[in-house]
Amino acid sequence: MNRCQEPGQGEEQEEVTGMVCQEADLKDGQMKEVTVGDQTVLLVRTQGQYSAVGSQCSHYNAPLVKGVLVGDRVRCPFHGACFNVRTGDIEEYPGLDCLPSYKVKVEDGKVYVSIHKNSLKLTKRVKEMCSRVPDIKHTILLVGGGPASLICAETLRQNCYQGRIVMVTKDTLPPYDKPKLSKALDLDSSHILLRTSDFYQQHGVEVWTQKEVVSVNPADKAVKLSDGSLQRYDQLLIATGCSARPLDCPGRDLKGVKLLQRYEDAKEIHNSGLGRKAVVIGSSFIGMEVASYLSNKAASVAVIGTSRYPYERSLGPEIGKMSLHMLEEQNVKFYMNDGVTEIQGEDGKVKGVVLKSGRVLEADVVIAGIGVIPNSDFLAGSELEVDSRKAVIVDKFMRTNVPDVFSAGDVTSFPLTIRGDQRVNVGHWQMSHAQGRVAALNMLKKPTRCESVPFFWTVLLGKSIRYTGYGEGYTEIIFKGKVEERKFLAFYIKDEVVVAAASLMFDPAVARLAELMATGQIITKAQAQVDDLSWLQM
C-alpha cells in the first residue's frame, strides 16, 4: 500500500506529498506553479476541481504556467502544444510526450499534491504502447521519416495495433528535429533525434534509413524501392514531405552551392561558412534563419531577396522591415528587389554571385532558400491524385483517393477547418504531427478529422516570431504594440475577420488566439481594432 509523507520524511516511503496552497487560493480557470519535493508542478483549477501535471511543455520545456488555459487544456505559449490538465495527455502538437499527472487531495481547506518517488525527476511521460505480435501479418508501411510517420507509428501502438510497422526514409538518420537545422546548424545528431534506436526496437517499429520508394502499385499493394526490392503493405502512409527548391541559374552545380535539406547539409553549411564570405539566396524563413545563424560566424553575410523586404508576402512589410534591420545591425547586407542571374566559379568552386542589377557579390559559400517542392514524383502512374503543385490530395481523414492509402504532412493538400475547408498546403512542423495522428486513427477505423489550427515560429538572433492561423489573401494588418520597438501583436484581416496572427515579445497572445480559433470562434476586425484587448484574456 502506498503511504503519504511530508517532504523530507522517511526515505522508505513511496510517495512525497506537499501542501501546496489553500483551497481558496485559485479560482476556476487559474493555474500556478507549486513545488513538491524537488519537482515543480502545474496546479490547475477548473470547474471547482484541482488537478496537477508536469509544469514544462514536453516539446522544448517551456513553462506552461505562462501559457493559456481553456477548459481542461493548457496550451504552450511558445510553440502551441496542448495538454489535458486532468490526464496530462498531449492533445495538440509539436512534441511527442505527455505530462506526468499527480494525485491531488483537498482536505480542511488545504490542497495536497502527491508524487511517487520514482517520478520525482520526470518532466514528461511516454504514453503506454503495445508492441508487435509476430504472428500478425498485417503491415502498415510509412513512407517518409518525419514527424507525420513517427506520430502515426506511435499512435498505432498507443491504440493496440500489433501488426508490422515499417518506416522508410531517404535520410541517414531516423526521425529528427528538423526545424532546428536552420536555427542551429552545428548540432550533434544525437541531440536532435526524436526517439532513440532502443525506442523503435522496444515498440516494434522497423526504421529503414537510406532507402527510397521509387514507385507505388496500389493494385498489388506494393512499393518498389531504389534497390529494386518490393515491399508489400496492407495500409500505406505517404509522408515524404518536401524538398528544397533547387536553383535554376548557371553555376548552381559549383562546389560551395548549398541547399538546406538534410542534417548533413546543415553541418556542411556551418563548416563552409566559418570565417568565409556567405551569400544567402532567398529572404523567407529558411534563408533568414541561416543568415541569422551565420551573422556572427562568417566573415560576411549577404542576403538576396526578390521583394522589398523579407517575409513581405507572408508576414507583411512592417515585420519584414523590422527583421531586415535586426540582421543589418549584425552586419548582414541585404540586396532586395533583386535576383540572381549567375553563380561564378573558379576551378569548380563558387567565387561570386551575379545579380540582376549587375552587381557581383564575392562568395565562398552560397545557400539557397527559395521555397520547397512536394516529394510526390514517385507517385506517377499510381492513380493517386495530386494538385497543381504536386501535393497529394487528401480529405479531413487524411485519406487519398485510393483505398488504404493515406497521406500526411508537408506533402499534402488538405481541407483547412478554419478557412471553411479551403484546400491548402501548409508546411508546419506542428501540422505534420497532427496529421500523422489523424491518419493512424483512421487506419484503425476510428473516424477522426484533422481540425488543427496552424501554428509555427521562426527565430532570428534568439528572438522568436510566433504565428497562428492561415493568412493567405489577407488585405490588412492591425498592429498592437510597436513593430519598430520589436514588441507587437499583428492581426491579419480578410473579409472583416482575423484569419491569422503573429507576435514578438507578446506571449501568450498567439497561443490564446490559436485556442480561440480551435474552439471555432470568429474574431472580427472590430475586435482587433479596439485598444482594450481584455476579450483576448477570455
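Residues numbered from 1 in each chain as written. Predicted model: local features only at pLDDT ≥ 70, side-chain atom pairs only at ≥ 80, totals over all residues. Heavy atoms only, no water.

1. Here's the deal with the overall build of the protein
Counting its secondary structure elements, the protein contains eight helices and 36 strands. Dimensions of the protein, computed from C-alpha atoms along their principal axes, come out at roughly 80 × 60 × 50 Å. Relative to its full complement of 538 residues, the protein shows a buried share of 54%. Within the protein, contacts between residues separated by at least 24 positions form 59% of all contacts whose residues are at least 6 apart in sequence. Surface summary for the protein: the accessible area is close to 23,600 Å², and the carbon and sulfur share equals 46%. Taken together, the 65 basic and 65 acidic charged side chains of the protein have centroids lying 1 Å from each other. (Helix = DSSP H or I, 4+ residues; strand = E, 2+ residues; numbered from the N terminus. Buried < 20%, exposed > 50% of the residue type's maximum accessible area, 1.4 Å probe, protein only. Contact = heavy atoms within 4.5 Å. Areas by Shrake-Rupley, 256 points an atom, 1.4 Å probe, with all protein chains shown as cover. Lys, Arg positive; Asp, Glu negative; His and termini not counted. Charge placed at Lys NZ, Arg CZ, Asp CG, Glu CD.)

2. Considering unusual backbone geometry
Geometrically, the link from Tyr93 to Pro94 is a cis peptide bond, its omega value of 15° lying close to zero. With respect to the element layout, Pro94 can be found in the loop between strand E8 (90–92) and strand E9 (101–107). For the bond from Asp507 to Pro508, the omega torsion is 0°, close enough to zero to count as cis. As for its placement among the helices and strands, Pro508 is situated in the loop between strand E36 (497–504) and helix H7 (509–518). One non-glycine residue, Asn337, adopts positive backbone phi at about 55°. Among the secondary structure elements, Asn337 is positioned in the loop between strand E22 (332–335) and strand E23 (340–346). Under the relative-accessibility criterion, Asn337 is labelled exposed at 54%. Its identity as a non-glycine residue notwithstanding, Lys390 has a phi of 75°, on the positive side.

3. Points about the packing of helix H1 (residues 147–158) against helix H6 (residues 429–443)
The packing of two helices is summarised by the inter-axis angle and the distance between the axes. Interhelical geometry of H1 versus H6 gives an angle of 40° and a closest axis separation of 7 Å. When you trace H1 past H6, the crossing you get is right-handed. Across the interface between the two elements, Pro147, Ala148, Ile151, Cys152, Thr155 and Leu156 from H1 touch Trp429, Ser432, His433, Gly436, Arg437, Ala440, Leu441 and Met443 from H6. Of the residues that constitute the contact of H1 with H6, the class distribution is nine nonpolar, four polar and one charged. (Axes fitted to C-alpha atoms, helices over the stretch in contact; angles between N-to-C directions. Left-handed = near helix turned anticlockwise from the far one by under 90°. Nonpolar A, V, L, I, M, F, W, Y, C, P; charged D, E, K, R; others polar.)

4. Let's talk about the sheet that holds strand E29 (residues 405–407)
Spatially, five strands are ordered E13-E12-E11-E17-E29 in an open sheet, and the strand pairing comes out parallel. Looking at strand neighbours, the two that pair on one side only are strand E13 (205–208) and E29, the edges of this open sheet. Strand after strand, the sheet turns through a mean of 20° between neighbouring axes, direction not considered. Relative to the sheet, H6 contacts strand E11 (139–143), strand E17 (235–238) and E29, its axis offset from that of E17 by approximately 165°. (Pairing = 2+ DSSP bridges.)

5. Side note on the packing of aromatic side chains
Counted by the stated rule, this structure contains eight aromatic pairs. Here the aromatic rings of Phe456 and Tyr467 are separated by 5.0 Å at their centres, their planes lie at 40°, and the arrangement is tilted. A residue pair is termed long-range when its members are at least 10 positions apart, and Phe456 in strand E32 (residues 455–460) and Tyr467 in strand E33 (residues 463–469) qualify at eleven residues. Each member of the pair, Phe456 together with Tyr467, is buried. Seen from their ring centres, Phe479 and Phe488 are 6.3 Å apart, and the 75° between their planes marks the pair as edge-to-face. Residue Phe479 is classed as partly exposed on the basis of its relative accessible area, which comes to 23%. Owing to a relative accessible area of 0%, Phe488 belongs among the buried residues under this scheme. Here the aromatic residues Phe285, Tyr311, Phe456, Tyr467, Tyr474 and Tyr492 are joined through ring pairs into a cluster of three or more. Its end group placed over the ring of Phe199, Arg195 keeps NZ or CZ at 4.4 Å from the ring centre. Over the face of the ring belonging to Tyr293 we find Lys297, whose NZ or CZ atom lies 3.9 Å from the ring centre. (Phe/Tyr/Trp six-rings, centres within 6.5 Å; stacked < 30°, edge-to-face > 60°. Lys NZ or Arg CZ within 6 Å of the ring centre and 35° of its normal.)

6. Quick look at the pattern of salt bridges
The full count for this structure, using the stated rule, is 32 salt bridges. Here Arg73 ties to Glu91 by a salt bridge, and the two come within 3.9 Å at their closest N and O atoms. Residue Arg73 is found in strand E6 (residues 73–75), and its partner Glu91 is found in strand E8; the two are separated by 18 residues along the sequence. The class of Glu91 is partly exposed, set by a relative accessible area of 35%. Two residues, Lys183 and Glu289, come together in a salt bridge whose shortest N-O distance is 3.2 Å. A residue pair is termed long-range when its members are at least 10 positions apart, and Lys183 in the loop between strand E12 (164–168) and helix H2 (197–202) and Glu289 in helix H4 (residues 285–294) qualify at 106 residues. Look at Lys183 and you get partly exposed, because its relative accessible area is 25%. On the basis of relative accessible area, Glu289 is assigned to the buried category, the value being 3%. (Salt bridge = Lys/Arg side-chain N within 4 Å of Asp/Glu carboxyl O.)

7. Brief notes about the sheet that holds strand E16 (residues 230–232)
Where strands meet in a sheet, backbone hydrogen bonds hold them as pairs that are either parallel or antiparallel. Here we have three strands laid out as an open sheet, ordered E14-E15-E16, and antiparallel in their pairing. Lying at the two open borders of the sheet, with one neighbouring strand each, are strand E14 (213–217) and E16. Averaged over all neighbouring strand pairs, the angle between strand axes comes to 25°, with direction disregarded. Two strands pair when backbone bridges link them, and strand E15 (residues 222–225) and E16 are joined in this way by three bridges, in the antiparallel orientation. Its bridge partner being in E16, Ala222 is matched across the sheet by Arg232.

8. Observations regarding the side chain of His203
Within the secondary structure, His203 is located in the loop between H2 and E13. Judged by relative accessible area, which is 8%, His203 ranks as buried. Residues in contact with His203, not counting those within four places in the same chain, are Met129, Cys130, Ser131, Arg132 and Arg157.

9. Things to note about the environment of Ala434
Structurally, the position occupied by Ala434 is in helix H6. Residue Ala434 is classed as buried on the basis of its relative accessible area, which comes to 4%. Between the C-alpha atom of Ala434 and that of Met19, which follows or precedes it by 415 residues, the distance is 37 Å. Excluding residues within four positions of it along the chain, Ala434 makes contact with Glu92, Tyr93 and Ser452.

10. So, H6
Residues that lie three or four places apart on an α-helix share one face, since the helix turns once every 3.6 residues. In this model, H6 (15 residues) spans 22 Å end to end at C-alpha, consistent with the 21 Å of a helix rising 1.5 Å per residue. The element H6 is largely enclosed, with a buried count of 14 among its 15 residues. Positive backbone phi, at 60°, marks Lys445, one or two positions downstream of H6. (Expected span 1.5 Å × (residues − 1).)

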